[in-house]
Amino acid sequence: MSESVPIEHWPKRLEAALEQCDTFQRVHVIRETDSTQDAARRLNVLPGDVVVAWSQTGGRGRRGRSWSSGEEGAAITFAIEPGQSERLALIGAVAAARAAEEHLGVQVAIKWPNDIYAQDLKLAGVLVEQSDAISLPAIGMNVLQTTWPPELTDKAISLRQLGAEVDRVDVLASLIVGMDHAIQTDEQELIEFFKARDCLKGVTRLFRSEDRDIKGRILCIEPLEGILIETEAGEVWLPATKSRLLDSSDIL
Ligand code: BTN
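On to the layout of surface pockets. In this structure, the second largest pocket occupies an estimated 160 Å³ of space. Lining the second largest pocket, in full, are Ala109, Lys111, Tyr117, Ala118, Gln119, Asp120, Cys199, Leu200, Val203 and Arg205. For the lining of the second largest pocket, a count of residues per class yields six nonpolar, one polar and three charged.

By nearness alone, 20 residues border the ligand, and Ser35, Gln56, Arg60, Arg62 and Lys122 come closest of all. One of the side-chain nitrogen or oxygen atoms of Thr36 is found 3.0 Å away from a nitrogen atom of the ligand. Contacts to the ligand include Lys122, whose side-chain N or O atom sits 2.5 Å from an oxygen atom. With the chains in place, 98% of the 420 Å² that the ligand exposes on its own is no longer accessible.

Our next topic: the pattern of salt bridges. In total, this model carries 15 salt bridges according to the counting rule given. Close ionic contact of Glu8 with Arg31 constitutes a salt bridge, the shortest N to O distance being 3.2 Å. Separated by 23 residues along the polypeptide, Glu8 in the segment before α1 (10-18) and Arg31 in strand β1 (residues 26-33) bring together distant segments of the chain. Among the residues examined, Glu8 registers a relative accessible area of 55% and is labelled exposed. Between Glu187 and Arg87 there is a salt bridge, with its nearest N and O atoms 3.4 Å apart.

Criteria and cut-off values
- Residues numbered from 1 in each chain as written.
- Predicted model: local features only at pLDDT ≥ 70, side-chain atom pairs only at ≥ 80, totals over all residues.
- Heavy atoms only, no water.
- 1 Å grid on protein atoms, 1.4 Å probe; cavity = no way out; pocket = protein on both sides within 12 Å on 5 of 7 lines; lining within 4 Å.
- Points joined across faces, edges and corners; volume = space filled by probe spheres on them.
- Nonpolar A, V, L, I, M, F, W, Y, C, P; charged D, E, K, R; others polar.
- Near = heavy atom within 4 Å.
- Polar contact = N/O pair within 3.5 Å; in protein donor to acceptor, adjacent residues only side chain to side chain.
- Areas by Shrake-Rupley, 256 points an atom, 1.4 Å probe, with all protein chains shown as cover.
- Salt bridge = Lys/Arg side-chain N within 4 Å of Asp/Glu carboxyl O.
- Helix = DSSP H or I, 4+ residues; strand = E, 2+ residues; numbered from the N terminus.
- Buried < 20%, exposed > 50% of the residue type's maximum accessible area, 1.4 Å probe, protein only.

By themselves, these are just geometric observations and shouldn't be taken as functional.
The following block contains the structure:
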């Protein structure tokens, strides 16, 4: 792989991506931060701002999990007008999948609600945080990693491990353009994009829905509405906002 693009060149490269955008106008490039989400808050970002970090040391994922990124991942937070909460998780997943596919040349999978998978391993994740003043959808994508800490071995994969020799700044540029494009995309088209990559359909999984655990074969996922599963007692509809997929860490 050629030398990576130095951070001094990131603003110019990312500003070129902003020129293709309607929603995003300004990028903050930070050398090191705990989390681009917290950096965005400290910067008092406005709708249309984007925050990226060369090194993210304390990234977080959904449901209080940590997100490993360091200097090998792409970490990006977008600032958007508040009040679009329902669609943002889907928009983030579509943007991340499109960006990954642009560099891989093959289709990736989306695991509901918004994890991006390739070869059954996690490539990227989406986190949406909100306040009354701002929505902060964020994407973390694994780009340069070739080794993983023990807890992520056999769980995560990077673009490089999938054969894409791409610089992180080019992935960030794709994510900016991809997010802008997904925001402008018609809802039905977002849903169809999701369904074409849904890797859970037909699979039997355990869900927690309104404080009860329920297992069933997934018949259909409507990403903004809910999941239809087939249980031993018949078909059950799980509303998206009140249900989540349980994984091995919940079951231990
Ligand atoms: C998940 O899969 O649980 C979501 C991961 C989201 C990680 C990104 S990296 C940029 C932003 N800053 C963070 O601290 N988290 C998100």
